[in-house]
Amino acid sequence: MPNQSKTYTGIRGTREYVAPEWHQNLLITVKADVYIFGIMLFDIICCQRSVEANVPKNEAVLAHWVYDCFNTNEVKKLVQNEQVEKSKVERMVKVGLWCTQDEPSSRPSMKKVIMMLERSVNIPDPPLLYLICKFPIGYSS
């Protein structure tokens, strides 16, 4: 019988989709998956990868651009020419912003994320994203 007690704790995946706690050598919890879900939600909303080289500089790091558009009440920019209700885009952006909070304990559970997307609960405006302002996603020194 193979040894099934091994756990791999090294960082895996695409750098732009890794939760900040990996870079800060903090405890990794299910909230890391919530963070990744938030980044993927931004990808889906904007039809753009998390970090993109072939776009204007202010759009290169998707999470920065999403936050800037939300903060200036311009979320419709995120969907380009798609015909989508602003309220739907805004709801998805808010969910993504909550999911990508720097502090894992500030992120909602996946159950709450689903409830937010289904409109079962109200979504308060998310606070400032400290990590995004401090270091771009995928930052390396």
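From a predicted model like this one, the values you see are computed outputs, not experimental measurements.

Enquirer: I'd like a description of the overall build of the protein chain, backed by residues and values.
Expert: When helices and strands are tallied, the protein chain shows six helices and zero strands. Overall, the protein chain shows an N-to-C arrangement of helices and strands of α-α-α-α-α-α. A fraction of 59% describes how many contacts in the protein chain between residues 6 or more apart in sequence connect residues 24 or more apart. With an accessible surface of roughly 8,900 Å², the protein chain has 52% of that area assigned to carbon and sulfur atoms.

Enquirer: So, the state of the cysteines: which residues are in play, and what are the values?
Expert: By the definition in use, this model includes zero disulfides. Of all cysteine sulfurs, the one in cysteine 46 lies closest to cysteine 69, which takes part in no disulfide; the gap is 7.6 Å.

Enquirer: Can you tell me about the pattern of salt bridges, naming the residues and giving the values?
Expert: If charged atoms from side chains of opposite charge come close, those side chains can pair. As enumerated under the stated definition, the model contains three salt bridges in all. Measuring nitrogen to oxygen at the nearest pair gives 3.3 Å for the salt bridge that ties lysine 77 to glutamate 74. In this structure lysine 77 comes out as partly exposed when scored by relative accessible area, which is 46%. Between glutamate 85 and lysine 88 there is a salt bridge whose closest N-O contact spans 3.9 Å.

Enquirer: So what's going on with the side chain of arginine 91? Residues and values would help.
Expert: Relative to the helices and strands, arginine 91 resides in helix 4 (residues 86-99). Buried charge without a partner: arginine 91 forms no salt bridge, and the closest opposite charge is glutamate 85, 7.2 Å away. Discounting residues that sit within four places of it in the chain, arginine 91 has contacts with Met116, Leu117, Arg119 and Ile123.

Reading the values: rules and limits
- Residues numbered from 1 in each chain as written.
- Predicted model: local features only at pLDDT ≥ 70, side-chain atom pairs only at ≥ 80, totals over all residues.
- Heavy atoms only, no water.
- Helix = DSSP H or I, 4+ residues; strand = E, 2+ residues; numbered from the N terminus.
- Contact = heavy atoms within 4.5 Å.
- Areas by Shrake-Rupley, 256 points an atom, 1.4 Å probe, with all protein chains shown as cover.
- Disulfide = S-S within 2.5 Å.
- Salt bridge = Lys/Arg side-chain N within 4 Å of Asp/Glu carboxyl O.
- Buried < 20%, exposed > 50% of the residue type's maximum accessible area, 1.4 Å probe, protein only.
- Lys, Arg positive; Asp, Glu negative; His and termini not counted.

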